[in-house]
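# Remarks on the overall topology
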Amino acid sequence: DAYRGGFESGYRIGYGRARGMVNVDQGRRNSRVTAPRGARGYQEPAYARGYSDGFDKGLEDGRDRDRYDPVRHSDYREADQGYSGSYGSKNAYKNNYRTGFRQGYEDGYRDASRNRR
């Protein structure tokens, strides 16, 4: 279920980017995600899962006014959420997950900071 959620989220964002949409509804908690322009890798499962997880953590940290620090989260450090042996090398999965996590965290943190009052 968690993999499916990450995949769906990544697919929506990637599809929205391809269609030229700036804001893509992530379908969770009625939040809006600003899809990064020119970013690649949404089709890759590890990146999509990392992006989704990172966005959630960044949004939470931004709303709580915590410092910007994606590395402090265990999801980032472990980087194997959603891994399946059919994806190939676990190390490659971790690298792609972390890349997605950092981008998602940045977007989530920025989104939360923009919406604070």
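Above this text you will find the structure in question.
Residues numbered from 1 in each chain as written. Predicted model: local features only at pLDDT ≥ 70, side-chain atom pairs only at ≥ 80, totals over all residues. Heavy atoms only, no water.

### Notes on the pattern of salt bridges
Should the charged atoms of two oppositely charged side chains come close, the side chains can pair. Quick note on the threshold: What makes a salt bridge here is a side-chain nitrogen of Lys or Arg within 4 Å of a carboxyl oxygen of Asp or Glu, nothing more. Comment: elements are numbered from the N terminus, with helices defined as DSSP H or I runs of at least four residues and strands as E runs of at least two. Buried means the residue's accessible area, taken with a 1.4 Å probe over protein chains only, is under 20% of the maximum for its type, while exposed means over 50%, and partly exposed covers the values in between.
All told, the structure shown has seven salt bridges when counted by the stated rule. For R49, the salt bridge is made with D53, and the minimal N-O distance between the two is 3.2 Å. In this pair, R49 and D53 are both assigned in helix 2 (residues 45-63), four residues apart and thus about one turn of the helix distant. Since its relative accessible area comes to 11%, R49 is described here as buried. Its relative accessible area of 13% is what places D53 among the buried residues. Bridged by salt links that share partners, the residues D61, D66 and R72 form one connected network.

### Notes on the packing of helix 2 against helix 4 (residues 90-115)
Going by this rule: Axes here refer to lines fitted to C-alpha atoms; in helices the fit is confined to the stretch in contact. Angles between the N-to-C directions go from 0 to 180 degrees. Put simply, a crossing is left-handed when the front helix is turned counterclockwise from the back one by less than a right angle, and right-handed when it is turned clockwise. Under the scheme applied, nonpolar residues are Ala, Val, Leu, Ile, Met, Phe, Trp, Tyr, Cys and Pro; charged residues are Asp, Glu, Lys and Arg; polar residues are all the others, including Gly.
Between helix 2 and helix 4, the shortest axis-to-axis distance is 5 Å and the interhelical angle comes to 35°. Here helix 2 and helix 4 pass one another in a crossing that is right-handed. Residue composition of the contact of helix 2 with helix 4, grouped by class: eleven nonpolar, ten polar and seven charged.

### Notes on the side chain of H73
Assignment of secondary structure puts H73 in the loop between helix 2 and helix 3 (74-78). Taking the relative accessible area as the measure of exposure, H73 reaches 10% and is therefore buried.

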